[in-house]
Amino acid sequence: MGNRESFGSKFGVIAAAAGSAIGLGNIYRFPCEAGANGGGAFFIVYIVIVLLLGLPLMVSEFVIGRRSKRNAVGAFKTLAPGSKSWPIIGYMGVIGAFLILAFYSTVAGWTLDSVFKAVTNYYQGKDLATIEEGFTASIDNTWRSIIWEAAFIFLTAFIIIRGIEKGIEKYSKILMPILFVILVILCVKSLTLPGAKEGLTFFFKPDFSKITGRVLVNALGQAFFSLSLGMGALITYGSYIAKKDNLASTALMVSLCDTLIATLAGIIIFPAAFSFGIQPEAGASLAFNTLPMLFNQMAGGYFFCLIFFILLAIAALTSSISLLEVVVSYLTEELKITRSKATTLAALGSFALCVIAGMSLQTGSSLKVFNLTFFDALDKFTATILMTIGGLFTVIFLGWKMRKSDFEDEFTNGGNVNMRLRKIFYFIIKFIAPLAITVILITQWIK
Ligand code: PFF
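Residues numbered from 1 in each chain as written. Predicted model: local features only at pLDDT ≥ 70, side-chain atom pairs only at ≥ 80, totals over all residues. Heavy atoms only, no water.

Novice: With reference to specific residues and values, describe the site of the ligand.
Specialist: For the ligand, the set of nearby residues contains 16 residues, the closest of which are Ala21, Gly25, Tyr104, Phe225 and Ser228. Ser226 places a polar main-chain atom, nitrogen or oxygen, 3.0 Å from a nitrogen atom of the ligand. Within the complex, 100% of the 340 Å² of free accessible area of the ligand lies under protein. Of all the secondary structure elements, the ones that give two or more residues to the shell around the ligand are helix 1 (10-21), helix 2 (24-36), helix 10 (213-226) and helix 15 (301-334). (Near = heavy atom within 4 Å. Polar contact = N/O pair within 3.5 Å; in protein donor to acceptor, adjacent residues only side chain to side chain. Areas by Shrake-Rupley, 256 points an atom, 1.4 Å probe, with all protein chains shown as cover. Helix = DSSP H or I, 4+ residues; strand = E, 2+ residues; numbered from the N terminus.)

Novice: Hey, could you go over helix 2 for me, with residue numbers and the actual values?
Specialist: Counted at 1.5 Å a residue, the expected span for helix 2 with its 13 residues is 18 Å, and the 17 Å between its end C-alpha atoms agrees. By the largest-angle criterion, Phe30 marks the main kink of helix 2, which is about 35 degrees, and a proline, Pro31, follows within four residues. In terms of residue burial, helix 2 counts as a mostly covered element, since 12 of its 13 residues are buried. Residues of helix 2 that are buried: Leu24, Gly25, Asn26, Ile27, Tyr28, Arg29, Phe30, Pro31, Cys32, Glu33, Ala34 and Gly35. Once helix 2 ends, the next one or two residues include Gly38, with phi positive near 95 degrees. (Expected span 1.5 Å × (residues − 1). Bend = angle between axes of the 7 residues up to and from the residue. Buried < 20%, exposed > 50% of the residue type's maximum accessible area, 1.4 Å probe, protein only.)

Novice: Explain helix 4 (residues 72-79) to me, and be specific about the residues and the numbers.
Specialist: Burial of helix 4 is extensive: 6 of the 8 residues sit out of reach of the surface. Where helix 4 is concerned, the buried positions are Ala72, Val73, Gly74, Ala75, Phe76 and Leu79. On its buried face, helix 4 is in contact with helix 3 (40-68), helix 5 (87-119), helix 11 (233-238), helix 15 and helix 17 (374-401). Between the side-chain oxygen of the N-cap and the backbone nitrogen of Val73 there are 3.0 Å, and the N-cap of helix 4 in question is Asn71. (Contact = heavy atoms within 4.5 Å.)

Novice: Please set out the packing of aromatic side chains residue by residue, giving values where relevant.
Specialist: The final tally for this structure, using the stated rule, is 37 aromatic pairs. With a centroid separation of 6.5 Å and 25 degrees between ring planes, the pair formed by Tyr123 and Phe309 is classed as stacked. Here the residue Tyr123 occupies a position in the loop between helix 5 and helix 6 (128-140), and Phe309 occupies one in helix 15, the gap between them amounting to 186 residues. Judged by its relative accessible area of 5%, Tyr123 falls in the buried class. Judged by centre distance (6.4 Å) and plane angle (15 degrees), the rings of Phe288 and Phe309 are stacked. In this pair, Phe288 sits in helix 13 (residues 285-288) while Phe309 sits in helix 15, placing the two residues 21 residues apart along the sequence. Under the relative-accessibility criterion, Phe288 is labelled buried at 2%. Here the guanidinium or amino end of Arg29 rests over the ring plane of Phe225, the centre of that ring lying 4.9 Å away. (Phe/Tyr/Trp six-rings, centres within 6.5 Å; stacked < 30°, edge-to-face > 60°. Lys NZ or Arg CZ within 6 Å of the ring centre and 35° of its normal.)

Novice: Can you break down the environment of Gln362 residue by residue, with the values?
Specialist: As for its position among the elements, Gln362 is in the loop between helix 16 (339-359) and strand 1 (368-369). Note on Gln362: relative accessible area 15%, which makes it buried. Sequence spacing of Gln362 and Thr373 is 11 residues, and the spatial spacing of their C-alpha atoms is 9.6 Å. Of the polar contacts made by the side chain of Gln362, one reaches the backbone oxygen of Ile139; its length is 3.2 Å.

What follows is the structure, given as structure tokens:
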């Protein structure tokens, strides 16, 4: 298999994995899901799921990746030699990553379009209705959408062709901390708007009667989506982590950063949305129309708006490269296709689907699957079905199929770290996580 690349430093690993986790899932998808699933009730469930299920699953993926040093499919082939069924988890991941990349790039296209609007000072002085109309008009404009989608997928492919360390690490390291600082500034501004309190109450005050099976499964899907789990992405990244790095503390850092960013997004978006009169169920409008309105109210708004959308596009990029890397590492290692060919193939395929996903959101479009727009169908199918089932079988694999000694060796770096924690994690991975995910998947069918 030749020499595999690995991440250059511990900070590089965290930055790359956090780069995969932090993206449009935090700033676009999280508010959409929280808004549509009852606000505070969703938030509480989400936090519990991240800690109880997300963190152990992330550790499992790192363990599987680093132990096998292979791609999402190859990892299961290596750790379960001769098995025909375990690698299916990996195949599901490769397909899932390919599908997510498609609709993810649609939203990333809006982000690039917003950068363009910010540069040209489009937002300045406009009221909410005009900004909303402009957003819809951009989506309805097929060529405009296609150009931004193509630009985003091209950038993703460009970085992937250049390889892991030179590409992924370099970009994540410096830019994510800057995004964090801007988010904190936005929080302060949003909280001082008139009517902000109502938004905060919506986001933080749980109404437990709102917790239904649907809310649980949506929170599970969102947690896995946001943490990049159940998709082979962190198995693939795990395979690039150096032997001396501490997997549990890396996973903890990544989960905390990701959850912090999603929480900040909620603290920014809901107070502002309530203050401007945008419904919490408004979907894409929450991020793409609320935020420009917020910038319009700020001193230096032009500058902040521009930097924010540029950084959001970069955050999306560090996530999309992890998606494309899942597909490309599979194609190069298992099917022996060259890196550049594999990248081109996967990128073009995803682009075709991305265009359809984008067009399915246009006014009056009939591109529907099971009554959902093609975009929503891709989103729901991957997040609430593929990722949750992928995650379920990943923890089952680690707990019931892989040798316990292999888990312990990876988790403790050969007996050097986390000796006590290993038992708790193993117990959760083996018993609690499979049970809890199964129960959540079942309760969604019960009212
Ligand atoms: N976690 C990314 C986000 O929140 O934007 C999206 C994502 C990346 C999902 C990689 C799945 C994945 F494998």
